[in-house]
Amino acid sequence: MRPCECGGVYEKIQGPLEIDDRYVGLLKLESADYYECPDCKDRIYPLDTARVIESVREKITEEILQAQPLYAFLSAADTAALLGITRQALHKNKRIRQGFIYRTSLGGLAVYLKKSVDLYREKGDGRFLMSELLNDRSNEPVSTGRATEILYSVHER
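Described below are features of the structure shown in this document.

Basis of the calculations
Residues numbered from 1 in each chain as written. Predicted model: local features only at pLDDT ≥ 70, side-chain atom pairs only at ≥ 80, totals over all residues. Heavy atoms only, no water. Buried < 20%, exposed > 50% of the residue type's maximum accessible area, 1.4 Å probe, protein only. Helix = DSSP H or I, 4+ residues; strand = E, 2+ residues; numbered from the N terminus. Arc of directions from axis to C-beta. Contact = heavy atoms within 4.5 Å. Phe/Tyr/Trp six-rings, centres within 6.5 Å; stacked < 30°, edge-to-face > 60°. Lys NZ or Arg CZ within 6 Å of the ring centre and 35° of its normal. Pairing = 2+ DSSP bridges. Axes fitted to C-alpha atoms, helices over the stretch in contact; angles between N-to-C directions.

## Let's talk about helix H2 (residues 76-83)
Of all the residues in H2, the buried ones are Ala-76, Thr-79, Ala-80 and Leu-83. Relative to the axis of H2, the buried residues are bounded by an arc of 95° and lie together on one face. Buried residues along H2 sit in contact with strand E4 (73-75), helix H3 (87-92), helix H4 (94-100), strand E6 (109-113) and helix H5 (114-123). Phi turns positive, to about 75°, at Gly-84, one or two residues after H2.

## Remarks on the packing of aromatic side chains
All told, the structure shown has 2 aromatic pairs when counted by the stated rule. Plain terms: the ring middles of Tyr-34 and Tyr-45 are 6.4 Å apart, the flat faces sit at 50° to each other, and that makes the pair tilted. Highlighted residues: Tyr-34 in strand E2 (residues 25-36) and Tyr-45 in the loop between strand E3 (43-44) and helix H1 (47-66), separated in sequence by 11 residues. Of the residues examined, Tyr-45 reaches a relative accessible area of 29% and is grouped as partly exposed. Just above the ring of Phe-128 sits the side chain of Lys-115; from NZ or CZ to the centre is 4.3 Å. Arg-127 extends its terminal NZ or CZ atom over the ring of Phe-100, reaching a point 3.9 Å from the ring centre.

## Notes on the sheet that holds E4
The strand order across the open sheet formed by 3 strands is E4-E6-E5, and the pairing between neighbours is antiparallel. Of all the strands in the sheet, the pair left with one neighbour each is E4 and strand E5 (103-106). When the angles between neighbouring strand axes are averaged without regard to direction, this sheet yields 45°. With respect to the sheet, H1 is in contact with E4, E5 and E6, its orientation differing from that of E5 by roughly 60°. Along the sheet face, H5 touches E4 and E6 and points at about 65° away from the line of E6.

Following this line, the structure appears as structure tokens:
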């Protein structure tokens, strides 16, 4: 394997993986392939593992958002008005579409988390540690097989 910047050499590892994600908290996978430098603990994820990690992150984010009360959300029109842009600009904005404002769907309509909209308006980034929204979230490992199924269902939409 290729050398790490610290001078060590990445080693292939297959096994449980824990990642302290800056937005959803602790992600646990029962089994994953990745490369880790034994000296500095830097990691490199193969494409399949990275896709599973992203899928699990999206699933946890959606579960947390769906658990929030209705009053915690704004409609697209209210969000656009709060940001001082049109609804069309809101829906076409690349940063917002890429998740810089947390959004979900309720009854087929896109709704935006008010706390995230306020942060985006102030700082240009509405992301924050999602686990702050829940007092108790299970940290049980997600099997890679189940996460892969989630990945496929996300891309089928």
